[in-house]
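A look at the structure
Chain residues, written in single-letter form:
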Amino acid sequence: MKETKGSEGISTRLRRIAKMAREHPGWVLTTLAHHIDMDLLREAYRRTRKDGATGVDGQTAKSYGRELEKNLADLHERLKSGRYYAPPVRRVYIPKDRGKQRALGIPTFEDKVLQRAVGMVLEAVYEEDFSESSYGFRPGRSAHDALSRLRSEVMKMRGGWVIEVDIERFFDTLDHKHLRSFLDERVRDGVVRRMVDKWLKAGVLERGVIRTPRSGTPQGGVISPLLANVYLHHVMDVWWEREVQPRLRGRCALVRYADDIVLVFKHESDARRVMEVLPKRFERYGLRLHPEKTRLVRFERPRGKDDKGGGPPGPKSFDFLGFCHHWGKSRKGNWVVRQRTARKRFARSCRALHIWCRNNRHLPVAKQHEVLSRKLLGHYSYFGITGNYVALQRLWRAANRSWRNWLWRRSSSARRSWAWFNALWERLPLPRPRVVHSIYQLSAKP
């Protein structure tokens, strides 16, 4: 989406806020609300997705935009006067692995716009404070940057020990009291903080009943990832940089993408010391580490007997952001860290394609091809990294197989011969696997 002249002015204003935060890292900011004016609300509206599901009021982006200036002016007045009421979010469920479901909250469209506006101001402040080891939901940073950083650190150490950190239901259990204390250290603007409190206390509408949460971030809210980053910045990043790293013997690194955290150590003794205190650190702030998914992994570079698959026993791979990290030989015969699609994520993708083909097998073939192509290209855009081509090819074959099988199982009158299928593959081929992200280009980024 192209920026307008108004959005360029907003960018300049946000850069001024960022400059002030950068030049005065110890300041507690008490006057930020005046930046949330009509221009900022217009820009927030422009940046808000227009195709999302509706909230409890049923209002769409299209209907809100018919009288945009009037609606934004009313929103601005309610914000300044303190009369804005944070409506409850509508709860829906999306399927997970093994028949489980994940709860998702859908705010109203107007609430999304205001959360976007407040989030833009807070982001300008906190982007100057956040650690270089944090990558999740931050401008100019991506999951692939986090993966590249992790691979680079492990390669520099020539392997070591890895702690996979898994926080149980983080977005649901985040403690409001601790979050407010963290915000107090940087932002005490009354209007902004009042809005954050209203979002934290906003109810959840489920089956006609509104429940008020006592913990967690606004479900599905635009501002939720930022508040989560503020929380883990204090709980994990600052603690790691100020208290943990100076006390360790060897090289170490932290890579965090939202609540997905990996710690890498050169020495086993350092890793075990941190592994011992890590649960206590999180419990202090109302969080709990998953006892099975949080684990210490031996990830030393293979040598000696390891070249033939021998060597000391123990896990030699770990998962992060949907990729399995393991040691493998390069074309030149050197040991390098490879990243392939994690087994669970691969199985989930195959299952999703199979189910879609089953449920939509009676659509026109051209329409099926269009949707399947879009799904595969979306998969390649994330998992298409250097060294992962084999997994991409396996998924492509699985998609072709599922599509063919469910087309074959149409009504008997619609069944076709192998010649018909071969002609279809030539006329409407599914997009072949492609490497979108080069690890060499990612590692060269500043």
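The structure this text deals with has already been given above.
What you see is a predicted model, and the numbers here were worked out from it, not measured in a lab.

What counts as what
- Within every chain, residues take consecutive numbers counted from 1 along the sequence as written.
- At least 70 in pLDDT is required for a residue's local features to be given in this predicted model, at least 80 for side-chain atom pairs to be given and counted, and no such filter applies to totals for whole chains, interfaces and linings, which use all residues.
- Side-chain figures throughout are based on the complete set of non-hydrogen atoms in the structure, without hydrogens or water.
- Segments assigned H or I by DSSP are reported as helices when at least four residues long, segments assigned E as strands when at least two residues long, and all are numbered from the N terminus.
- A radius of gyration in this sense is built from C-alpha atoms; the matching globule rule multiplies 2.2 Å by the number of residues raised to 0.38.
- Under the scheme applied here, a residue whose accessible area is under 20% of the maximum for its type counts as buried, over 50% as exposed, and between as partly exposed, the area being computed with a 1.4 Å probe on protein chains only.
- Per-residue and other accessible areas follow the Shrake-Rupley method at a 1.4 Å probe size, with only the shown protein chains counted as cover for residues.
- Charged residues are defined here as Lys and Arg on the positive side and Asp and Glu on the negative side; His and the ends of the chain fall outside this count.
- To locate a charge, take atom NZ for lysine, CZ for arginine, CG for aspartate or CD for glutamate.
- Two strands qualify as a pair provided that DSSP identifies no fewer than 2 bridges between them.
- Lines fitted to the C-alpha atoms define the axes, with helices restricted to the stretch that makes contact. Angles between their N-to-C directions range from 0 to 180 degrees.
- In this description, contact between two residues means that some pair of their heavy atoms is separated by no more than 4.5 Å.
- By this rule the span expected of a helix is its residue count minus one, scaled by 1.5 Å.
- Any pair of N or O atoms that falls within 3.5 Å is considered a polar contact. Within protein, one atom must be able to donate a hydrogen and the other to accept it, and sequence-neighbouring residues count only if both atoms are side-chain atoms.
- What sets the label is the angle itself: under 35 degrees gives roughly parallel, over 145 gives roughly antiparallel, 65 to 115 gives roughly perpendicular, and the rest give oblique.
- Three categories are distinguished: nonpolar for Ala, Val, Leu, Ile, Met, Phe, Trp, Tyr, Cys and Pro, charged for Asp, Glu, Lys and Arg, and polar for the others, with Gly belonging to the last.
- Residues belong to one nonpolar core when they are buried, are Ala, Val, Leu, Ile, Met, Phe, Trp, Tyr or Cys, and are joined through side-chain atoms within 4.5 Å.
- Ring geometry is summarised as follows: Phe, Tyr and Trp rings, the Trp one being its six-membered ring, pair when their centres sit within 6.5 Å, and such pairs are stacked at plane angles under 30 degrees, edge-to-face over 60 and tilted between the two.
- Salt bridge, as used here: a side-chain nitrogen of Lys or Arg that lies within 4 Å of a carboxyl oxygen of Asp or Glu.

Here the focus is the overall build of the protein chain. Looking only at helices and strands, the protein chain has 16 helices and eleven strands in total. Taking 22 Å as the expected radius of gyration for a compact globule of 446 residues, we find that the protein chain reaches 25 Å, a close match to that expectation. Residue burial in the protein chain is summarised as follows: out of 446 residues, 49% are buried. Of the roughly 23700 Å² of accessible surface on the protein chain, a fraction of 49% belongs to carbon and sulfur atoms. Measuring between centres, the 91 positive side-chain charges of the protein chain sit 8 Å from its 48 negative side-chain charges.

Another aspect to go through is the sheet that holds strand β9 (residues 317–320). Sheets are built from strands paired through backbone hydrogen bonds, the pairs being either parallel or antiparallel. Spatially, three strands are ordered β9-β10-β11 in an open sheet, and the strand pairing comes out antiparallel. Here the strands that pair on one side only, and so sit at the sheet edges, are β9 and β11 (335–341). This sheet shows a mean twist of 35 degrees between the axes of neighbouring strands, independent of strand direction. The sheet contact formed by strand β10 (residues 323–329) and β11 spans seven bridges and is antiparallel. For H326, the partnering residue across the bridge sits in β11 and is R338.

Structurally, the position occupied by A21 is in helix α1 (residues 5–23). With residues near it in sequence (within four places) discarded, A21 still touches V125, E128 and R186.

Further remarks concern the environment of R374. With respect to the helices, strands and loops of the structure, R374 is situated in helix α13 (residues 365–383). Since its relative accessible area comes to 49%, R374 is described here as partly exposed. Taking the C-alpha atoms as reference points, R374 and R432, 58 residues apart in sequence, are found 12 Å from one another.

Here we come to helix α9 (residues 190–201). The end-to-end C-alpha distance of α9, which contains twelve residues, comes to 16 Å, matching closely the 16 Å that a straight helix rising 1.5 Å per residue would cover. What α9 keeps buried is the set V191, V192, R193, M195, V196, W199 and L200. Against the buried residues of α9 lie α4 (68–81), α5 (109–126), α8 (176–184) and α10 (224–244). The residue sitting at the N-terminus of α9 and contributing the capping side-chain oxygen is D189; that oxygen lies 3.1 Å from the backbone nitrogen of V191.

Across the seven residues of β10, six count as buried, placing the element largely inside the fold. Where β9 folds back onto β10 in an antiparallel hairpin, the turn is made up of two residues, including L321, whose phi is positive at roughly 55 degrees. As consecutive antiparallel partners, β10 and β11 are separated by five residues, and within that stretch G333 has a phi angle of approximately 90 degrees, a positive value.

Moving on to the pairing of β9. Alternating residues of β9 divide into F318 and F320, all buried, and S317 and D319, none buried. Both β9 and β10 contribute to a ladder of four bridges, which runs antiparallel. Considered in β10, the bridge of S317 is made with H326.

As a further point, take the packing of helix α12 (residues 343–359) against α13. At a minimum axis separation of 11 Å, α12 and α13 run at an interaxial angle of 170 degrees. Classified by the angle between their axes, α12 and α13 sit roughly antiparallel to one another. Only Q368, V371, L372, K375, L376, H379 and F383 of α13 make contact with α12, whose side of the interface consists of R345, S349, L353, W356 and C357. For the contact of α12 with α13, the residue count by class is seven nonpolar, three polar and two charged.

What follows deals with the nonpolar core. Among the nonpolar cores identified, the biggest contains 76 residues, and L263, L278 and F282 are the most heavily contacted of them. Excluding residues that lie within four positions of it along the chain, L263 makes contacts with W161, V162, I163, V165, M236, W240, A253, L254, V274 and L278. Core analysis: the next-biggest nonpolar cluster, separate from the first, contains 47 residues, L150, C357, L395 and W406 among them.

Scanning the entire structure with this criterion turns up 17 aromatic pairs. Plain terms: the ring middles of Y126 and F130 are 5.8 Å apart, the flat faces sit at 25 degrees to each other, and that makes the pair stacked. This pair shows no difference in class: Y126 is buried, exactly as F130 is. Judged by centre distance (5.4 Å) and plane angle (25 degrees), the ring pair of F299 and W327 falls under stacked. Note that F299 is positioned in strand β8 (residues 295–300) and W327 in strand β10, a separation of 28 residues in sequence. Summarising the burial analysis for this pair, F299 and W327 share the class buried.

With phi around 55 degrees, R207 is a residue other than glycine that occupies positive phi space. Structurally, R207 is set in the loop between β4 (204–206) and β5 (209–211). Even without being glycine, L321 reaches a positive phi, approximately 55 degrees. Taking the relative accessible area as the measure of exposure, L321 reaches 11% and is therefore buried.

In this section: the pattern of salt bridges. Opposite charge on two side chains makes pairing possible when the charged atoms of those side chains draw close. Taken as a whole and judged by the stated rule, the model has 27 salt bridges. The partner of E206 in a salt bridge is R211, with the nearest N and O atoms 3.2 Å apart. Here E206 falls in the buried class, since its relative accessible area comes to 17%. Take R211: its relative accessible area is 46%, and that puts it in the partly exposed class. The network of salt bridges with shared partners includes D39, R42 and E69.

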